[in-house]
Amino acid sequence: MSQAAPSPLATLRATAFGYAPRLLQGRGWAVAALVAVPVGISLGVFTFSRLQGLDSDPAEALRIFHDGLVKMMLPIMALVAAPAGIREDLEQRTLPLLLVRPAAVWAYPLGKGLPWFLWGAAWLVLGALGLQVVGGDPSLLLGRIGALVGAWWGELALMTLVGLLFKRGTLWGALYFFLWEPLLRIFPPFLQRLTFTHYIESLAGSRAAEVKTHELLAQEQVTTHPAVAILVLVAFGALCWALAGWKLHRTPIGLAGSEAEG
Amino acid sequence: MISLDRASLRYGPILGLSPTTFELPDGGGITGLLGPNGAGKSSLLQLLSGLLPPSGGEVRVFGQAPFRNPAVLARLGLVPEGDRLPSGLRADRWLRMMGELSGLSGEALKAAQARALETVGMADRAHLTFARMSKGMRQRIRLAQALLHGPELLILDEPFNGLDPEARLGLMDLLRRLAGEGVRVLVSSHILSEIAQLTDRILLLFRGRLLAEGTVTEIRQLLDRHPVELRLTGEPLDLARWAVEQPELAALRMEEGAVVLSVRSPRDILPRLQQAAAAGRIPLRALDPLDLNLDAVFQYLTKDHA
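Note that the coordinates shown come from a computational prediction; the quantities given were computed from them, not determined experimentally.

Some words on the overall build of chain A
Move 1: Helix and strand content of chain A: 10 helices and zero strands.
Move 2: Reading the secondary structure of chain A in the N-to-C direction produces α-α-α-α-α-α-α-α-α-α.
Move 3: Looking at the 262 residues of chain A, the share that counts as buried comes to 50%.
Move 4: In chain A, once contacts between residues fewer than 6 apart in sequence are set aside, the share between residues at least 24 apart is 80%.

In structure tokens form, the structure reads like this:
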């Protein structure tokens, strides 16, 4: 009764639906909380201020978006969610059970990552909507949603790839997000196009006019067109998923989770 | 069905499997892969199941190289060693995913899942999460995932580890039944008696080398050529007097309150020893085989091989 191999689309669908229940467990709620908590606190403070008859700070939404969600929460979300993808099977040594199936091996990283992407994206959209209540500029809402979801796509894909390339992928990811991206602030402007922050600012509106000089990402105004920015984020994410798939397909991974010399 | 032509496997500087050549014919039956821990059993199974490509030589399963080859993988099932399963998932949903990844869908998938769960006796407990399952239950689910797509070749790596005697017998019955239905079963173990109960054909591995292959009888005859040490506790002089009359005796050593015999063909001498003790002809208080474990047997074979 041996079967024909499933199509890559069937592989993606099966893996995504098969692992989707993991979202409603501890790690999934941790990812949700990374968005919900800062936005929720902000909403609470805003509501309390209103009830007390106080004026709310119009820059609050901007501050939470850039300093809270973009700088801190998005990278942490990627660092928390990516290890629950294909890396988890590698570490738990359950990957051989998938690798001995006749399915497209390259589709596994994306298949396992898709539920996490959709879950995180849903919470980010809710977060962006919540910030509108606090005082976000309505004309920038779509840009902010695009920036958050686009960056989440790229950062999750990057962390999945790093997790397959390095044993201590989370460490390297943390170094990239919290050391390399801020350091690029002092580099020439063209190098800043290698940061997520550049494209996020392009989509969500540059902060150049609203923050102090030392807080600026770039020495010059971000001029990348938003359409180009979203394209770059989507393409970068797709490239990372493809590379992760290629790496998994090419790498011999045995029962011990280690590689043999093929 | 399976052919290895000087196939070897290296883990960096470590040789997991020396160049090995053998063939298994088409059709059902059970083949036991026997060897102590570290003998290279898992390495061989990983080559056959397409998890790892050979470092040298050639591996063919169903006439093709198995590594990342869907045409081969669609026809084999693997039950890896241990009881690891993805955390936080329900068994039935996970099995459905594994079925879909094997190319099953719709009613065929439902029927295959029900059949596999029925076969392993887990039909009424498949709604549980893996965290709530016992080791034996998880082992059955791992077997079910390998049976889902009706494989022609079923590979099991140390499947009896950690199972209670009842579960062990149940699994043996199941494997015999599958073999009777035309499935070629390849099962590894480091316990000779397990394999001997189960299989009609044995491959002996030791330190990454295939030492011997043949039927259980042939392997036993090979082992019988080598002396085995038995310690008989009792009156040493009386025991020694009885022992020197036995044709299987190769050497004898006296100890305090005991005598150590080195005998060939222990299966011939043991019944006579039993009869003599029962009849009161020898003052035997205890009998301890000193080196009947598999490691010792392999040590003998290694010397022979050299």
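Picking up where we left off.
Focus on the overall build of chain B
Move 1: When its secondary structure is counted, chain B shows 11 helices and 13 strands.
Move 2: Considering only C-alpha atoms, chain B reaches an extent of 75 × 45 × 35 Å along its principal axes.
Move 3: Evaluated residue by residue, chain B yields a buried proportion of 42% over its 306 residues.
Move 4: A sequence separation of at least 24 residues applies to 67% of the contacts in chain B between residues at least 6 apart.

A closer look at the pairing of strand S12 (residues 258–263) of chain B
Residue and element names in this part refer to chain B.
Move 1: The two faces of S12 differ: Val259, Leu261 and Val263 on one face are buried, but Ala258, Val260 and Ser262 on the other face are not.
Move 2: As paired elements, strand S10 (residues 228–234) and S12 share six bridges and run antiparallel to each other. The residue bridging Thr233 from the neighbouring strand is Ala258, located in S12.
Move 3: Of the pairings in the sheet, the one linking strand S11 (residues 249–255) to S12 comprises six bridges and is antiparallel in character.

Concerning the confidence of the model for chain B
All names here are of chain B.
Move 1: Per-residue confidence for chain B gives a mean pLDDT of 85, with 91% of residues at or over 70.
Move 2: By mean pLDDT, the top-scoring element of chain B is helix H3 (residues 91–101) (95), and the lowest-scoring one is helix H11 (residues 294–305) (56).
Move 3: Both scores are given for the predicted complex: the pTM is 0.81, the ipTM 0.84.

Some words on the packing of helix H1 (residues 8–19) of chain A against H3(B)
Move 1: Taken N-terminus to C-terminus, the directions of H1(A) and H3(B) make an angle of 170 degrees; their axes are 9 Å apart at the nearest point. Considering their axes alone, H1(A) and H3(B) lie roughly antiparallel with respect to each other. For the pair H1(A) and H3(B), contact is made by Ala10(A), Thr11(A), Ala14(A), Thr15(A) and Gly18(A) and by Arg93(B), Trp94(B), Met97(B), Glu100(B) and Leu101(B), respectively.
Move 2: Of the residues assigned to the contact of H1(A) with H3(B), the class counts are five nonpolar, three polar and two charged.

Some remarks on the UniProt feature "transmembrane region" (unreviewed entry) in chain A
Residue and element names in this part refer to chain A.
Move 1: UniProt's feature table lists "transmembrane region" (unreviewed entry) at residues 29–48, 69–86, 116–134, 141–166 and 227–246, given in the numbering used throughout.
Move 2: End C-alpha to end C-alpha, residues 116–134 measures 27 Å, and it is 100% helix and 0% strand.
Move 3: Helix and strand shares over residues 227–246 are 100% and 0% respectively, and the end C-alpha atoms of the span are 28 Å apart.

Examining the sheet that holds strand S6 (residues 153–157) of chain B
Residues and elements named next belong to chain B.
Move 1: Ordered by their spatial adjacency, six strands build an open sheet running S5-S6-S7-S3-S8-S9, and the pairing between neighbours is mixed. At either end of the open sheet lies a strand with only one pairing partner, and these are strand S5 (76–79) and strand S9 (209–214). Within this sheet the neighbouring strands show an average axis-to-axis angle of 15 degrees, counted without direction.
Move 2: Across five bridges, S6 lies against strand S7 (residues 184–189) in parallel orientation.

Overview of the interface of chain A and chain B
Move 1: Taken residue by residue, the interface counts 36 residues in chain A and 42 residues in chain B.
Move 2: When contributions to the side of chain A that touches chain B are tallied by element, the ones reaching two or more residues are H1 and helix H5 (95–99) of chain A.
Move 3: Here the element with the most residues in the side of chain A that touches chain B is H1(A); it accounts for five residues.
Move 4: Residues that form the side of chain A that touches chain B fall into these classes: 19 nonpolar, 12 polar and five charged.

Considering unusual backbone geometry
Generally, phi is negative for residues other than glycine and the peptide bonds are trans, each holding for most cases.
Residues and elements named next belong to chain B.
Move 1: Positive phi outside glycine occurs at Arg68, with the angle close to 50 degrees.
Move 2: Counting through the fold element by element, Arg68 comes out in the loop between strand S4 (56–61) and helix H2 (70–73).
Move 3: Non-glycine residue Glu158 carries a positive phi angle of around 45 degrees.
Move 4: Relative to the elements of secondary structure, Glu158 occurs in the loop between S6 and helix H6 (165–180).
Move 5: C-beta crowding within 10 Å serves as the criterion here: with 21 such atoms nearby, Glu158 is assigned to the buried category.

A closer look at the confidence of the model for chain A
Move 1: With 88% of its residues at a pLDDT of at least 70, chain A reaches an overall mean of 85.
Move 2: The least confident element of chain A is helix H9 (residues 196–204) of chain A, whose mean pLDDT is 85; the most confident is H1(A), at 95.

Regarding the pairing of S6(B)
Residues and elements named next belong to chain B.
Move 1: By the criterion of burial, S6 is predominantly enclosed, with five of the five residues buried.
Move 2: Both faces of S6 are covered, namely the face carrying Leu153, Ile155 and Asp157 and the face carrying Leu154 and Leu156.
Move 3: Handedness of the crossover joining S6 and S7 through H6: right-handed.

Looking at helix H2 (residues 26–51) of chain A
Residue and element names in this part refer to chain A.
Move 1: Along H2, the sharpest kink reaches roughly 35 degrees, centred on Ala33.
Move 2: Every buried residue of H2 is accounted for by Gly28, Val31, Ala32, Leu34, Val35, Pro38, Val39, Ser42 and Phe46.
Move 3: At its buried positions, H2 is contacted by helix H3 (60–81) and helix H6 (108–134).

Thresholds, definitions, all that
Residues numbered from 1 in each chain as written. Chains lettered and ligands numbered in written order. Predicted model: local features only at pLDDT ≥ 70, side-chain atom pairs only at ≥ 80, totals over all residues. Helix = DSSP H or I, 4+ residues; strand = E, 2+ residues; numbered from the N terminus. Buried ≥ 20, exposed ≤ 12 C-beta atoms within 10 Å, placed from the backbone. Contact = placed C-beta atoms within 7 Å. Pairing = 2+ DSSP bridges. pLDDT = per-residue confidence, 0-100. Axes fitted to C-alpha atoms, helices over the stretch in contact; angles between N-to-C directions. Parallel < 35°, antiparallel > 145°, perpendicular 65-115°, else oblique. Nonpolar A, V, L, I, M, F, W, Y, C, P; charged D, E, K, R; others polar. UniProt positions renumbered as here; feature names shortened; annotations may be inferred. Right-handed = clockwise from strand over helix to strand, strands pointing away. Bend = angle between axes of the 7 residues up to and from the residue.

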